[in-house]
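Tertiary structure, described
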Amino acid sequence: MGVHWAKAAGRAYPGRVEILDLRTLNPLDWEAVQAAVRRHGKALVLTEEPLLNSFAESLAGRIQRHCFRQLDAPVFTLGAANLPAIALNVELEKQMLPSAAKVATALGELLGY
């Protein structure tokens, strides 16, 4: 869903957003991540999982450490709310998970940095 949310949100910022879909996390395409950060100077790591102690936070930290000189802003992360389980109610699930609107908000903040 993250790719869908990112594509929908990116339409509000034509030519300013590149989506890098990491199909696998192991092996991680680290070279592609670094190249994208060099091109744009910014990064938003988006995930469906809660952020606390997540792979997304780990990846953001790795980007921050290894690409620091290329960054024009802190690495942003966006994920599900830090709750113990996914809500079984559709409306509550929508509140918990990221969405295109939430991604667009984060992108706007990041791009305005």
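Calculation criteria
- Every chain's residues receive numbers from 1 upward, in the order its sequence appears when written.
- Whole-chain, interface and lining totals are the exception, using all residues; otherwise, since this is a predicted model, local features are given only for residues with pLDDT of at least 70 and side-chain atom pairs are given and counted only at 80 or more.
- As a convention, hydrogens and water are excluded, and side-chain values are obtained from all of the structure's heavy atoms.
- Counting from the N terminus, the helices are DSSP H or I runs at least four residues long and the strands are E runs at least two residues long.
- Take the residue count of a helix, subtract one, and multiply by 1.5 Å to get its expected span.
- Here's how the labels work: a residue is buried when its accessible area is under 20% of the maximum for its type, exposed when over 50%, partly exposed in between, all with a 1.4 Å probe on protein chains only.
- Comment: arc refers to directions from the helix axis out to C-beta atoms.
- Only heavy atoms matter for contacts: two residues are in contact if any of them lie within 4.5 Å across the pair.
- Only strands joined by at least two bridges in the DSSP assignment are considered to pair.
- A crossover gets the label right-handed when its path from the first strand over the helix to the second runs clockwise, viewed with the strands pointing away from the viewer.
- Any N or O atom pair separated by 3.5 Å or less is treated as a polar contact, with the protein-specific requirement of one donor-capable and one acceptor-capable atom, and with residues adjacent in sequence counted only for side-chain atom pairs.
- Note on definitions: angles span 0 to 180 degrees between N-to-C directions of axes, and those axes are lines fitted to C-alpha atoms, for helices only across the stretch in contact.
- By the definition adopted for this analysis, an angle is roughly parallel if under 35 degrees, roughly antiparallel if over 145, roughly perpendicular if from 65 to 115, and oblique otherwise.
- In this scheme, a crossing is called left-handed if the near helix is turned counterclockwise away from the far one by less than a right angle; it is called right-handed if the turn is clockwise.
- Charged residues are taken to be Asp, Glu, Lys and Arg, nonpolar residues to be Ala, Val, Leu, Ile, Met, Phe, Trp, Tyr, Cys and Pro, and polar residues to be all remaining types, Gly included.
- Per residue, pLDDT captures the predictor's confidence, and it can take any value from 0 to 100.

Focus: helix H5 (residues 100-111)
Helix length check: H5 (12 residues) gives 16 Å between terminal C-alpha atoms against 16 Å at 1.5 Å per residue, within 8%. If you check which residues of H5 are buried, you get Val103, Ala106, Leu107, Leu110 and Leu111. The arc that holds every buried residue of H5, seen down its axis, measures 125 degrees, which confines them to one face. Projecting away from the buried face of H5 at angles above 90 degrees are the exposed residues Ala101, Thr105 and Glu109. For H5, the elements touching its buried residues are helix H1 (2-10), strand S1 (44-50) and strand S2 (76-80).

With respect to the pairing of S1
Bridge count between S1 and S2: four bridges; the pairing is parallel. Note that in S2 the partner of proline 50 across the bridge is alanine 80. As for the winding sense of the linkage, the β-α-β connection from S1 through helix H3 (residues 55-66) to S2 is right-handed.

Quick notes on H3
Taking 1.5 Å of rise per residue, 12 residues should cover 16 Å, and H3 covers 16 Å from first to last C-alpha, within 8% of that figure. Taken together, the buried positions of H3 are occupied by Ala56, Leu59, Ala60 and Ile63. All buried residues of H3 lie within an arc of 100 degrees about the axis, which places them on one face of the element. The inward-facing, buried residues of H3 contact helix H2 (30-40), S1 and S2. If you check the start of H3, you find a side-chain oxygen 3.3 Å away from the backbone N of alanine 56, and it comes from serine 54.

What to know about the packing of H2 against H3
A packed helix pair is summarised by two numbers, namely the angle formed by the two axes and the spacing between the axes. At their nearest, the axes of H2 and H3 sit 11 Å apart, and the two run at 60 degrees to each other. Relative to H3, the element H2 is oriented oblique. Handedness of the H2/H3 crossing: right-handed. Residue-level inspection shows Trp30, Val33, Gln34 and Val37 of H2 in contact with H3, the latter providing Leu59, Arg62, Ile63 and His66. Looking at the contact of H2 with H3 residue by residue, the classes come out as five nonpolar, two polar and one charged.

Looking at the environment of glutamate 93
Relative to the helices and strands, glutamate 93 resides in helix H4 (residues 90-96). For glutamate 93, a relative accessible area of 30% corresponds to the partly exposed category. The sequence separation of glutamate 93 and alanine 80 amounts to 13 residues, and the corresponding C-alpha distance is 9.4 Å. Apart from residues no more than four positions distant in its own chain, glutamate 93 is found in contact with Ile86 and Ala87.

Here's the deal with the confidence of the model for the protein chain
Mean pLDDT over the protein chain stands at 94; residues scoring 70 or higher make up 100%. Looking over the protein chain, one finds the lowest element-wise mean pLDDT in H4, namely 89, and the highest in H5, namely 97.

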